Amino acid sequence: MGPVYILWLRQVKRYLRSRARVLGSLGQPLLLLFALGFGFGPTFEKAGGGNYIQFLAPGIIAMGILFTALFSGIEILWDRKFGFLKETLVAPVPRLLIVLGRTLGGATIAMFQGAIVFTVCLVAGFRVEDLSMLPAAFAFMVLIAIAFTAVGTIFGSVLEDMQAFPVIMNFMVMPLFFFSGAIFPLKGLPKALTAATSINPLTYGVDGLRGALTHGPAFGLGLDFAVLGVFAGILLVVGSYFFSRIEL
Amino acid sequence: MTAAKPDMITVRDLTKTFGDFRAVDQISFSVPAGKIFGFLGPNGAGKTTTIKMLTTILKPSGGTILVDGHDPVASPHEVRRSIGIVFQDPSLDDELTAFENMELHAVLYGLPREGRREKIDEFLRFVELLDRRDDIVEKFSGGMLRRLELARALLHEPQVLFLDEPTAGLDPQTRNHIWSYIQSLSKEHGTTVFFTTHYMEEADRVAEEIAIIDHGKIVARGAPEKLKEEAKAKTLEDAFITLTGHSIREEEASALDSMRNMRKMWKKRR
Ligand SMILES: Nc1ncnc2c1ncn2[C@@H]1O[C@H](COP(=O)(O)OP(=O)(O)O)[C@@H](O)[C@H]1O
Ligand SMILES: [Mg+2]
């Protein structure tokens, strides 16, 4: 497990040393929190939805994690470009451990970002309803982080073009976010939208997180956890597969 | 003890094609254990491609390789344990310190925790970087980066050290430094060294055995003295011209150097 730990530590150190990295991926989630939270809030409340920040915050936290996790895949492209990838690929270490270390590193950073967004949400008026459910919320954050870091790993392993990566990621972030139930309740949606949200893995993350933090899950925490867990597991395997096929 | 040393590297009919282009074309050679072996050739001759195949990161299109008794295709793990590499292009993490880069390597290669720190310091001292131990690598000069990469490649005490153009782009003083480390290593530890270069005079000075590669084919093999004698040339440089009919210097200050510069500029803007 030494290699997994040291590669994890590397990612964390690089994150902590770069202020640009910390701030860069906070922009979008915070923008959405303020624009939607304060813009839509009054309408949502008038329609009888309850406190909108209370509804929205879990989705925004999930978004913060999603964004950082997906973009962590670009580190593979950087490492390929600037050579460090070779150092890891000629080491007598199974690629599975390398990709595991990298993914856990990326997921940890996504968790840091999620924690920062969480804090900002608290400042904006969000309240956790049952503190004893925080460990469950933490578990959902971890699953979201791992699943989407693995997606980032897949794209980071397959793409060789530095310009293509952010374009594709941006293309994925918005639909994942909008069709996840992060900004509107899942009940009573048109059929097409229900279909889109129910195949979106982030939906289960948002729902689980919301359930844990504010008592309002649509599916039940058990189902959320199972779906997201299976999904994260599959993505990890697929990510490892693509990473292990990298040639230099 | 038998008289003839066993071969550390054996290559038979090794070939690599990219599409219908033959970058390496049926080359054969062997490197005796403990020797310093120079692989010479102009840019684009196929040196890096050969090193990549010897070091498990590229699959050959044909032929066989044995490194320290293992086949890089069938048992990459065993080969990886036996070898240390300094790649042609940088491969450090420049957001980590010199020590952290070394430590990462030590852990990847499974060096025991106790004594790790001391060992890292010992190798940093060997390449005269101990005083820069805790500095972020980004600020290092080209020569320092090269020395750090060398120290890192030696940290796990490999049987064979592969060096792909270890001195390219460095000033003469740093080049001398690097060669003196390598020679002392070979003398004191009996490490086998396989290096590539397009600086003929360095190969002449340092290598005990040489193979000259041009357009993917080996055109001459043997000790530097023998090659010069055969070609009736004063220097290896002249021997190269006699053997290949062209100069090795054609594309010096090559595309590669300009790419390096571009990278530097690009990184500054990041
Ligand atoms: N991945 C690749 N795809 C296509 N051609 C390649 C690839 N790698 C190397 N080559 C070509 O193979 C030849 C040998 O390259 P290389 O081994 O890097 O030469 P050297 O290291 O001797 O300068 C060059 O013509 C190079 O352009
Ligand atoms: Mg080369």
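Structural data are supplied above this passage.
First, a word on scope: everything that follows refers to the structure included in this document. These numbers come from a predicted model, not from an experiment. (Residues numbered from 1 in each chain as written. Chains lettered and ligands numbered in written order. Predicted model: local features only at pLDDT ≥ 70, side-chain atom pairs only at ≥ 80, totals over all residues. Heavy atoms only, no water.)

## Digging into the interface of chain A and chain B
So, point 1. Each partner contributes to the interface: chain A provides 25 residues, whereas chain B provides 31 residues.
So, point 2. A combined buried area of about 2800 Å² lies between chain A and chain B, and 62% of that area is made up of carbon and sulfur atoms.
So, point 3. Contact with chain B buries area across many residues of chain A, yet Phe82, Val90 and Pro92 of chain A alone supply 26% of it, more than any other trio.
So, point 4. Between chain A and chain B we count 6 salt bridges in total. (Contact = heavy atoms within 4.5 Å. Buried area = accessible area lost by both parts, 1.4 Å probe. Salt bridge = Lys/Arg side-chain N within 4 Å of Asp/Glu carboxyl O.)

## Thoughts on the sheet that holds strand S4 (residues 62–67) of chain B
Residues and elements named next belong to chain B.
So, point 1. As summarised here, the arrangement of the 3 strands in space is S2-S1-S4, forming an open sheet in which the pairing is antiparallel. In the strand order of this sheet, the two ends are held by strand S2 (21–32) and S4, each with one partner. Strand after strand, the sheet turns through a mean of 15 degrees between neighbouring axes, direction not considered.
So, point 2. Both strand S1 (residues 7–18) and S4 contribute to a ladder of 5 bridges, which runs antiparallel. From the neighbouring strand, Arg12 faces S4, where its bridge partner is Thr64. (Pairing = 2+ DSSP bridges. Helix = DSSP H or I, 4+ residues; strand = E, 2+ residues; numbered from the N terminus. Axes fitted to C-alpha atoms, helices over the stretch in contact; angles between N-to-C directions.)

## Here's the deal with the packing of helix H4 (residues 52–71) of chain A against helix H8 (residues 134–158) of chain A
Residue and element names in this part refer to chain A.
So, point 1. Interhelical geometry of H4 versus H8 gives an angle of 30 degrees and a closest axis separation of 7 Å. In terms of orientation, H4 and H8 fall into the roughly parallel class. Our pair here, H4 against H8, has a crossing hand that is right-handed. Contacts between H4 and H8 involve Ile61, Ala62, Ile65, Leu66, Ala69 and Leu70 from the first element and Met141, Ile144, Ala145, Phe148, Thr149, Val151 and Gly152 from the second.
So, point 2. Residue classes in the contact of H4 with H8 are distributed as 11 nonpolar, 2 polar and no charged. (Parallel < 35°, antiparallel > 145°, perpendicular 65-115°, else oblique. Left-handed = near helix turned anticlockwise from the far one by under 90°. Nonpolar A, V, L, I, M, F, W, Y, C, P; charged D, E, K, R; others polar.)

## A few points about a nonpolar patch on the surface
So, point 1. On the surface, Phe219, Leu223 and Val227 of chain A cluster together into a nonpolar patch covering about 220 Å² of accessible area.
So, point 2. Mapped onto the secondary structure, Leu223 of chain A falls in helix H12 (residues 221–244). (Patch = residues over 30% accessible without salt bridge, like charges linked within 9 Å, V, L, I, M, F, W, Y side chains within 5 Å. Areas by Shrake-Rupley, 256 points an atom, 1.4 Å probe, with all protein chains shown as cover.)

## Some words on the sheet that holds strand S8 (residues 209–214) of chain B
Residues and elements named next belong to chain B.
So, point 1. Pairing is mixed in the open sheet, where 6 strands are placed in the order S5-S6-S7-S3-S8-S9. Every interior strand has two partners, whereas the edge strands, strand S5 (83–86) and strand S9 (217–222), have only one. Between one strand axis and the next, the sheet turns through 15 degrees on average, direction left out of account.
So, point 2. As paired elements, S5 and strand S6 (residues 160–164) share 4 bridges and run parallel to each other. Note on S6: the bridge partner recorded for Val86 is Leu163.

## A word on the coordination of the magnesium ion (ligand 2)
So, point 1. Looking at the metal site, the magnesium ion (ligand 2) is ligated by Thr48 of chain B (OG1) and Gln88 of chain B (OE1), spaced 1.9 to 2.1 Å from it. Of this pair, Thr48 of chain B sits in helix H1 (residues 47–54) while Gln88 of chain B sits in the loop between S5 and helix H3 (98–108), placing them 40 residues apart in sequence. (Donors = N, O, S within 2.8 Å, 3.2 Å for Na, K, Ca; no water.)

## Structural notes on the side chain of Thr197 of chain B
All names here are of chain B.
So, point 1. Within the secondary structure layout, Thr197 lies in strand S7 (residues 192–197).
So, point 2. On the accessibility criterion, Thr197 (1% relative accessible area) is buried.
So, point 3. A distance of 2.9 Å separates a polar side-chain atom of Thr197 from the backbone nitrogen of Tyr199.
So, point 4. Those residues within four positions of Thr197 in sequence are excluded, and the remaining contacts are Phe39, Leu40, Gly41, Lys47, Glu165, Glu202 and Ala203. (Buried < 20%, exposed > 50% of the residue type's maximum accessible area, 1.4 Å probe, protein only. Polar contact = N/O pair within 3.5 Å; in protein donor to acceptor, adjacent residues only side chain to side chain.)

## Brief notes about the site of ligand 1
Residues and elements named next belong to chain B.
So, point 1. Around ligand 1 sit Phe18, Phe21, Ala23, Pro42, Asn43, Gly44, Ala45, Gly46, Lys47, Thr48 and Thr49, and those are all the residues in its vicinity.
So, point 2. Contact between ligand 1 and Ala45: an oxygen atom at 3.2 Å from a main-chain N or O atom of the residue.
So, point 3. For ligand 1, the protein covers 61% of the area, taking 560 Å² as the surface of the free molecule.
So, point 4. Secondary structure elements with two or more residues in the shell around ligand 1: S2 and H1.
So, point 5. Its residues assigned to classes, the shell around ligand 1 shows 5 nonpolar, 5 polar and 1 charged. (Near = heavy atom within 4 Å.)

## Some remarks on the environment of Leu85 of chain A
Residue and element names in this part refer to chain A.
So, point 1. With respect to the helices and strands, Leu85 occurs in helix H6 (residues 84–89).
So, point 2. Sequence spacing of Leu85 and Leu189 is 104 residues, and the spatial spacing of their C-alpha atoms is 46 Å.
So, point 3. Setting aside chain neighbours within four positions, we find Leu85 in contact with Ile76, Asp79, Arg80, Arg102, Phe243, Ile246 and Leu248.

## A few points about the nonpolar core
So, point 1. Ranked by size, the top nonpolar core spans 60 residues in total, and within it Ile60, Ile61, Leu66, Leu70, Cys121, Phe148 and Leu209 of chain A carry the most contacts.
So, point 2. The set of elements that each furnish at least two residues to this core consists of helix H3 (27–46), H4, helix H5 (74–81), helix H7 (95–123), H8, helix H9 (164–178), helix H11 (201–214) and H12 of chain A.
So, point 3. Ignoring any residue separated from it by four or fewer positions in sequence, one finds Cys121 of chain A in contact with Leu33, Ala57, Ile60, Ile61 and Phe126 of chain A.
So, point 4. Residues Leu7 of chain A together with Leu14, Ala45 and Ile213 of chain B belong to the second largest nonpolar core, which totals 47 residues. (Core = buried A, V, L, I, M, F, W, Y, C linked by side-chain atoms within 4.5 Å.)

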